[in-house]
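Examination of the molecular architecture
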Amino acid sequence: MSAFAEFCCVALALLIWESLMWLPLRSVPLVFSRKKHTILIKIRRVDRWFATKRRGAVFLSWLPGSCSVLPCQAIPLLVDSQNRWLLHHDDGQYARIPAPTWEQIRWQHATLQVGSERVTLTSGRCLEALWRGKNAGLSPADALRVAWRESLSMPRAAADEKKWRVLASPLVWMQPILLLIFVSGLFGYWEQREQFPLMIFLASVFLLMIMIATRVMWFAKKIDPSCRGAIVQDALLCCIVPFHAMRAAEAVALPFMGRLHPMALLFRYAPDHPWLAQQLRSISHPRPGKAEDEILFEAMAPLLQPAMQKRGLQWSDFDQAPAAREPEEVSYCPRCHALYLAGHTTCRECNNYSLRLLP
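Computed from a predicted model, the values in this text were never measured in an experiment. (Residues numbered from 1 in each chain as written. Predicted model: local features only at pLDDT ≥ 70, side-chain atom pairs only at ≥ 80, totals over all residues. Heavy atoms only, no water.)

1. Description of the packing of aromatic side chains
According to the stated counting rule, one finds four aromatic pairs in the structure shown. Taking 5.8 Å as the distance between ring centres and 85° as the angle between the ring planes, the aromatic pair formed by Trp22 and Phe50 counts as edge-to-face. Within this pair, whereas Trp22 is found in strand β1 (residues 20-24), its partner Phe50 is found in strand β4 (residues 50-51), the two being separated by 28 residues in sequence. (Phe/Tyr/Trp six-rings, centres within 6.5 Å; stacked < 30°, edge-to-face > 60°. Helix = DSSP H or I, 4+ residues; strand = E, 2+ residues; numbered from the N terminus.)

Laid out in structure tokens, this is it:
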């Protein structure tokens, strides 16, 4: 294999690597697409293609510059009215922890430490409201409740999504042009060799990389200080690595969307989304013998109620029976909507949750 072919293989590998976003398994990447005045939202599973025990690889859009992947992440801490605390681990499981003090809650380098437990954060923006509550003299439980109300705010979700589109709009055309110039330059050099205007090609690529990096630096002035370090690092990488510049919008979306819960965007734009219905069913039907599920419902119910009222929704709207696929199916699980034949009374997937008869 020639040196040029090896270079092309390495370039392709780097482009594929930059097209992956490594997220904790509890993260929920939303994919926005617009058709005229309609917003369509899809959800990509973090563990669909490749995953470890704590993280998964999410493929971005096939064309750089689409700016469609919004990796939302909720605050990995919950507290109910009885001051019972839950920690949401990277693998997506909830675990009960003792009520912490402010001295036991620390965050450094995208890692949240509560006592001896550690979880990964995609953005320091996730804890911005929590630290504001601390500076205001609130207790950890009260500050966490305020942070959750902000995270689930539909007006805040709409404002952040609109602000993101405005900030990322120049990258929509700069990133594909950079990819087109880079690929066409490789083909031109392969055909012309010594006659190829290499300096003009390198200058145009470097100029676009600087333009993208400048726009990314402008991001840092428009959002919270907690994310500026990560965004400045992305801007520096855009000046050095062309493949990172081709994916700058998605890289900046990671810290930018860190303070929004995915349910806030779904309540705002797609209240009938099946993922939202599944999450609400899981919350409202705690599994037998699972204290974590009971605490989750007690903590989330009062936080979700305002958003549901604004949309004119009730818990019963998400608790409708599914349609049977086969005549032999007579019952279903109200939590996961699994269908069962006659003779079954509990759901084996939901810790023996009681089944209901199909209408």
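The structure having been displayed, the exposition proceeds.
2. A few points about the sheet that holds strand β11 (residues 111-114)
Read from one edge to the other, the open sheet built from three strands follows the order β10-β11-β12, with strand pairing classed as antiparallel. Bordering the open sheet on either side are β10 (105-108) and β12 (117-120), each of which pairs with just one other strand. Each strand axis lies, on average, 20° off the axis of its neighbour in the sheet, ignoring direction. Note that β11 and β12 share four bridges and pair antiparallel. Pairing of Leu112 across the sheet is with Val119, part of β12. (Pairing = 2+ DSSP bridges. Axes fitted to C-alpha atoms, helices over the stretch in contact; angles between N-to-C directions.)

3. Focus on the pattern of salt bridges
Applying the stated criterion to the full structure yields eight salt bridges. Here Arg26 ties to Asp90 by a salt bridge, and the two come within 2.5 Å at their closest N and O atoms. Here the residue Arg26 occupies a position in the loop between β1 and β2 (28-35), and Asp90 occupies one in the loop between β8 (85-88) and β9 (94-97), the gap between them amounting to 64 residues. Across the pair, exposure class does not vary: Arg26 and Asp90 are buried alike. Between Glu150 and Arg156 there is a salt bridge; the shortest N-O distance is 3.5 Å. The exposure class assigned to Glu150 is buried, which follows from its relative accessible area of 18%. (Salt bridge = Lys/Arg side-chain N within 4 Å of Asp/Glu carboxyl O. Buried < 20%, exposed > 50% of the residue type's maximum accessible area, 1.4 Å probe, protein only.)

Geometric values such as these leave the question of function open.
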